[in-house]
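Read off the chains here:
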Amino acid sequence: MREIWNVRPRAERNEKIEEALVTAQPLLPKNAPFTPEEIDALNSVVARTTPQQRAWLAGFFAGFEAAQAGGAAQPAAAPKPRQPLTVLYASESGNAEALALRTKKLAQKHGLDAKVIDFADADFATLSKAKNIIVYAATWGEGDPPSRAVDFYNALMSEEAPRLEGVRFAVLALGDTAYAQFCATGKAIDARLEALGATRAHDRVDLDLDYAKQAAEWTEKALGELAPAADAAGTATVVHVDFKGSGLVAEDDEPQFTVENPLTGEISALVNLNGSGSTRETWHVEIAAEARGFSYLPGDAIGVVPENDPKLALEVAEAVGLGSDGSVVQKLRERYDITTLSRPLVEAYAKLTRRTDAAKLAEQEAFTRFAADRQLVDLFETYAEKLSPEQLFGLLRPLPGRLYSVASSPKAHPGEAHLLIGAVRWESHGRKRGGVASTYFADRRKVGDAVRVYVKPNRHFRLPEDGNRPIIMIGAGTGVAPYRAFLEERVELEQKGKGWLVFGERNYTNDFLYQLEWQEHLASGSLTRIDVAFSRDQPEKIYVQQRLWEARDELLGWVEEGAHIYVCGDEKGMARDVDVMLSRILAESARGDDEAGRAKLKELAKAGRYQRDVY
Amino acid sequence: MTDKRSKNEFIKEASRQLRGTIAEGLADVSTGAISEDDSQLTKFHGTYLQDNRDVRGERSKKKLEKAYGFMIRVRLPAGVTTSKQWLQLDAIAGTYANGQLRLTTRQTFQFHGVIKTNMRRTMQAINAALLDTRAACGDVNRNVLAVANPYLSKVHAAAHELAVTISAHLLPRTGAYHEVWLDGEKVIDSSGPAPKDEEPIYGQHYLPRKFKTVIAVPPSNDIDIYANDLAYIAIVENGTLAGWNVAIGGGMGMTHGDLDTFPRTADVIGFCTPEQAVDVAEKIVTVQRDWGNREDRKRARFKYTIEDRGLDNVVAEVNRRLGYDLQPPRPFKFESTGDPIGWIQGADKKWHLTLFIENGRIKDEPGWTLRSALREIAENHPGGFVVTANQNLIVTNVPAKGKAKIEAILKEHGIAIGTDLSGMRRNSMACVALPTCGLALAESERFLPELITALEDSLDRAGLRNDEIVIRMTGCPNGCARPYLAEIGLVGRNPGLYNLYLGAAFNGERMNKLYAEDVDKAGILRLLDPIFVRYAKERQQGEHFGDFAIRAGYVRPTTAPNAFHADLNPVKVQAAE
Ligand code: SRM
Ligand SMILES: Cc1cc2nc3c(=O)[nH]c(=O)nc-3n(C[C@H](O)[C@H](O)[C@H](O)COP(=O)(O)OP(=O)(O)OC[C@H]3O[C@@H](n4cnc5c(N)ncnc54)[C@H](O)[C@@H]3O)c2cc1C
Ligand SMILES: Cc1cc2nc3c(=O)[nH]c(=O)nc-3n(C[C@H](O)[C@H](O)[C@H](O)COP(=O)(O)O)c2cc1C
Ligand code: SF4
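We now turn to the structure provided with this report. (Residues numbered from 1 in each chain as written. Chains lettered and ligands numbered in written order. Predicted model: local features only at pLDDT ≥ 70, side-chain atom pairs only at ≥ 80, totals over all residues. Heavy atoms only, no water.)

To continue, consider the interface of chain A and chain B. Taken together, the 25 residues of chain A in the interface contact 20 residues of chain B. When chain A packs against chain B, close to 1,800 Å² is buried across both sides, 54% of that on carbon and sulfur atoms. Together, Tyr508(A), Thr509(A) and Leu516(A) form the three largest contributors to the area buried by chain A at its contact with chain B, with a combined 28%. Taken together, the connections running from chain A to chain B amount to 2 salt bridges. There are 18 residue pairs in polar contact (both at pLDDT 80 or more) connecting chain A and chain B. When contributions to the side of chain A that touches chain B are tallied by element, the ones reaching two or more residues are strand 6 (263-272), helix 20 (508-511), helix 21 (515-524) and strand 16 (529-534) of chain A. Here the side of chain A that touches chain B gets 5 residues from one element, more than from any other, and that element is helix 21 of chain A. Partitioned by chemical class, the residues of the side of chain A that touches chain B number 10 nonpolar, 10 polar and 5 charged. (Contact = heavy atoms within 4.5 Å. Buried area = accessible area lost by both parts, 1.4 Å probe. Salt bridge = Lys/Arg side-chain N within 4 Å of Asp/Glu carboxyl O. Polar contact = N/O pair within 3.5 Å; in protein donor to acceptor, adjacent residues only side chain to side chain. Helix = DSSP H or I, 4+ residues; strand = E, 2+ residues; numbered from the N terminus. Nonpolar A, V, L, I, M, F, W, Y, C, P; charged D, E, K, R; others polar.)

Listed below in structure tokens is the structure:
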């Protein structure tokens, strides 16, 4: 809560209190034994409490005093039995995880006693012990579960899965309509739980990248369905508070700035790191972003709220006959996703325009063929129709933010966040095309310009607690970004652990991203070893996994010493092959087959010693 | 008494016969460079660490080190290659270098822009072509030149053979080259002692400086004997090779503003029989090894040894070491330094096509695909090639009926043989200079062609388009294109500014003289235009431009080998716009 408290101006706070009085909320009297500020503060919270919350507070203080007086916590009134709730999440970049954590708190309101469990840590017992289950599941790859979730996901789908009669559940699926297998993971889990005999307490929703609002609404409803009937009435009772439990620990680490509420920073540096003549274009971006509550750690991602190419915005508007409407063009540029061509969108367009040919296009393989290298503008131009602004906007989804692994340590660059952004460009059907966010920086921003950012924490890509642990950092292209942050952080903290960077790109001379900085780290000892794989310097292609294989003995040695292994960058292009190679190498040591290697790698992952930040 | 020897002497001494820590340096992938000391040593292995100076400005901003790349120079005695070797070198250029081949003023090939991580592969590929790069640079006897085209006559063949023999005889014998580049792994490790007896001729310290040897067959002076430390001049008596005149002490390099350094033309000191020739080379080299200046590299070339010790003393010492006296030199006559562009027929009735290659640069450009053309010729024609000391190329041993095919290939790739180019362009040379040469003060190879185009307007107006006028440009005073032996010499001083020299002999016997300092393009045109006009009007029968420049009083003649800086009165040029 603290952040919200910080940012809301006083005047507004008082309003809240007024409004509370009107709706006869319980407020502390002016003569309460607190300073006026404290009274304000307390009221601003109390004013919005539900009966359950007040009951809990009553119980809390009663129990607390009792606890101080020694002796076990004596409830001031008869405790009310609370329903257990299991909140499961399958998450890669943290969206589903954040929803799960928020739900844990909301559950309290509903008198539910929630446990939050990552798919990575779940097992059959988790399920069979559960009474009520809420699942937040994201989909990755091409319709795959998030990597950490794969094992339990497969188990759940397997024959061995236990029957779940009597278990009540609800599933929320996160996804991106840009992908063919929209929300595949959530859908499969939802169907599977039912197949195993559990009863669906609330219907699944499949949410696109702009999920926040609907997710909150859905969660409220789902909790309502799952909550014990009595609570719905909201009769004020005292709730037993268990001080041995985690009731006191606020695991509330929700970032305050979000894609809906970004912080406006200023670009202080913008450099294409590739030497002229390179076939690559990778921008090092430094953003001055100072504000309370804007804080990140190496391993986190920074979200960026981009703007579309004005030229494209105009073309889209023109395609539907709105080219002359300045405000439409502006909205298209600033607010809407005008590049992604999704099947749902084609369907909607066909329905709206009553075009049978467009309807045909919405069919699976027709759509796949068309959308492979086309975008929204191609749809509008090929199946041209005049639309009203309302119709147009009705078809579009909000412009999603883009994530970038932070490339700086806040300790080394206070008040700044550095990003490393690969420009996405291609040409198809006679049109030069570009990625929205990457070309936003490459073509449409300059030093001094404003840019809207937010922090996307990633608890699953972190330096070892123990600064003496060796780290092996594997990354290709922009995948080195977090390692720059890691090494800066270790230097600032004077941590002595060995570091090994394995970097891959196309050409040595022009694509050796951050070369001078790696050289400094090598000289100072903060980096112990570097291996490079430049794929296009010689006739045969050389990739990072080959370097790993060549250095397998040393690598196993480092793992023996307790090294943490990190992989960052392109999933299809690199991370997958590296994953395979790592298990192969670990198999060597286990003198076993690939299975043995896989198992060893999973062990490392469970122990947090194999972490991936892939996209 | 402190050791005043130059830094390089210590590097050589500590190098365990040119091994140094090159192997370790190659293994460090964090940088494309090698250590400064090692980069002195790699020269002996025929390769230089360079960086692309065109992009220096942007690199640190992009958090990148300099754009390092190695220049690799092949050892190619007398410039002779087979067609197969050509194809192999062409492949290397495309695979590991910048896609270009560079013919040098010393009859060989250079590759540019080979990155460190590809160095071993590249050296091995060169080795696979039955070629090497040993002693192509460094303080040793360099690639030995011989009059272009051994196939022209028996004497030409003898010159070629002598070049090959001397080159082999004076090669460093150290195993370093093989260890470092070819079989990689087993470099004798830094701890171990240097194999003592590895270098019977050079010893631990090699020579004080580079040493250059050439073999000429008059009347052609295409290899510019007077610019070399050691030169052999074929003496033909009643149709057969009687032996060789020997000349020593030539060299071009100097430093702007340092009068103790100067280009010097070689002195002819005697005559030796064919059997004696190799021994003569060895003894002369050992005299320079023992007498040369090892304290000041700027004055370490053989030419300065001769100036400091006196020619007679040097010759006496050579005779002493030979155990006999060189015979008195015999008469000879040089006519020109240029190449006869176009077809000529050899004694064996085979045809040979000399192609004009502007500044020796072999590459492909839209509509003008020289590299592809030569590759196609190499694929279709087994007769081989010869690189000339004028940066040109001879397609050798073409049977009469094969000529058409070769001309067809050239045509189809947009390549002109060069016979119809202006006499000045046909006789032009420019050194590499920017962007690869670390010592360049001004453009050279990238500037001379357009300068000549501009000069050709003046020549046309004067009616001199077809007259042969030797023009050479370098980006600094080191003189890599032998500018001081050109009728018009241009030597870079600062970006866009050149010293203009006039009055060298057409046949390369006499050096030119400073005519104007620090002139830019416009200034050069302004100064030369009126001289062309007068030359066209007032020249005597067969009088060459260099001789005329002296007779007309533009410059004084350089009368003695060491008189380059004497009798100067350069014209004052108002700083050109
Ligand atoms: C490629 C070539 C010029 C060309 O356009 O063809 C060349 C290129 C270079 N010369 Fe040269 N020299 C070349 C013939 C010459 C000649 C002409 C000759 O030998 O007939 C000379 C004048 C004769 C002489 O040696 O006096 C020459 C006198 C120098 C010097 C001055 C030596 C001196 O005694 O002062 C240097 C600088 C040095 O050695 O310190 C030099 C140094 C260089 C370097 C390696 C620059 C360096 O040391 O870092 C140049 C490499 C440029 C590049 O990027 O390729 N180069 N250099 C010629 C290669 C010849 C070969 O295949 O071996
Ligand atoms: C956790 C995380 C961390 C990330 N970190 C980084 C980072 O550090 N650096 C970085 O550069 N990126 C990073 N990314 C990726 C980044 O978020 C963006 O996805 C990327 O920059 C592209 O965004 P864009 O708006 O420029 O392109 P978009 O507008 O999103 O366009 C991308 C889409 O264009 C289409 N497309 C692209 N190329 C072609 C083609 N040749 N033919 C046809 N269609 C094509 C594809 O549909 C592709 O999905 C990260 C992603 C995640 C999830
Ligand atoms: C590389 C990548 C692949 C994705 N693949 C899919 C997909 O196949 N289907 C889908 O519906 N969403 C897909 N998404 C979208 C994610 O499911 C969406 O961003 C979700 O909010 C991520 O939730 P998380 O942060 O909990 O992992 C993908 C996203 C990324 C970055
Ligand atoms: S003359 Fe000077 S500039 Fe030209 S190549 Fe030689 S050293 Fe470089």
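Moving on: unusual backbone geometry. Glycine aside, residues mostly have negative phi, and peptide bonds are mostly found in the trans state. Residues and elements named next belong to chain B. In this chain, Pro218 is followed by Pro219 through a cis amide linkage whose omega measures 5°. Here Pro219 lies in the loop between strand 7 (213-216) and strand 8 (230-237). Cis geometry is found at the peptide bond from Leu434 to Pro435, where omega equals 5°. Take Pro435: it is sitting in the loop between strand 18 (428-430) and helix 15 (448-462). With phi around 60°, Leu130 is a residue other than glycine that occupies positive phi space. Tracing the sequence through the fold places Leu130 in the loop between helix 6 (119-128) and strand 6 (145-146). A relative accessible area of 74% means that Leu130 is categorised as exposed. (Buried < 20%, exposed > 50% of the residue type's maximum accessible area, 1.4 Å probe, protein only.)

Turning to the sheet that holds strand 18 (residues 610-614) of chain A, a few remarks are in order. All names here are of chain A. Reading across from one edge, 16-15-14-17-18 is the order of the 5 strands in this open sheet, with parallel pairing throughout. Both outer strands of the open sheet, strand 16 and strand 18, are each paired with one neighbouring strand and no more. If you compare each strand with its neighbour and ignore which way they point, the axes differ by 10° on average. Relative to strand 18, strand 17 (residues 564-569) runs parallel, the two sharing 5 bridges. (Pairing = 2+ DSSP bridges. Axes fitted to C-alpha atoms, helices over the stretch in contact; angles between N-to-C directions.)

This paragraph deals with the environment of Ser220(B). Residues and elements named next belong to chain B. With respect to the helices, strands and loops of the structure, Ser220 is situated in the loop between strand 7 and strand 8. Considered as a pair, Ser220 and Glu335 are 115 residues apart in the sequence and their alpha carbons are 6.1 Å apart. For Ser220, the contacting residues outside a window of four places in its chain are Val147, Phe334 and Ser336. Of the polar contacts made by the side chain of Ser220, one reaches the backbone nitrogen of Asp222; its length is 3.2 Å.

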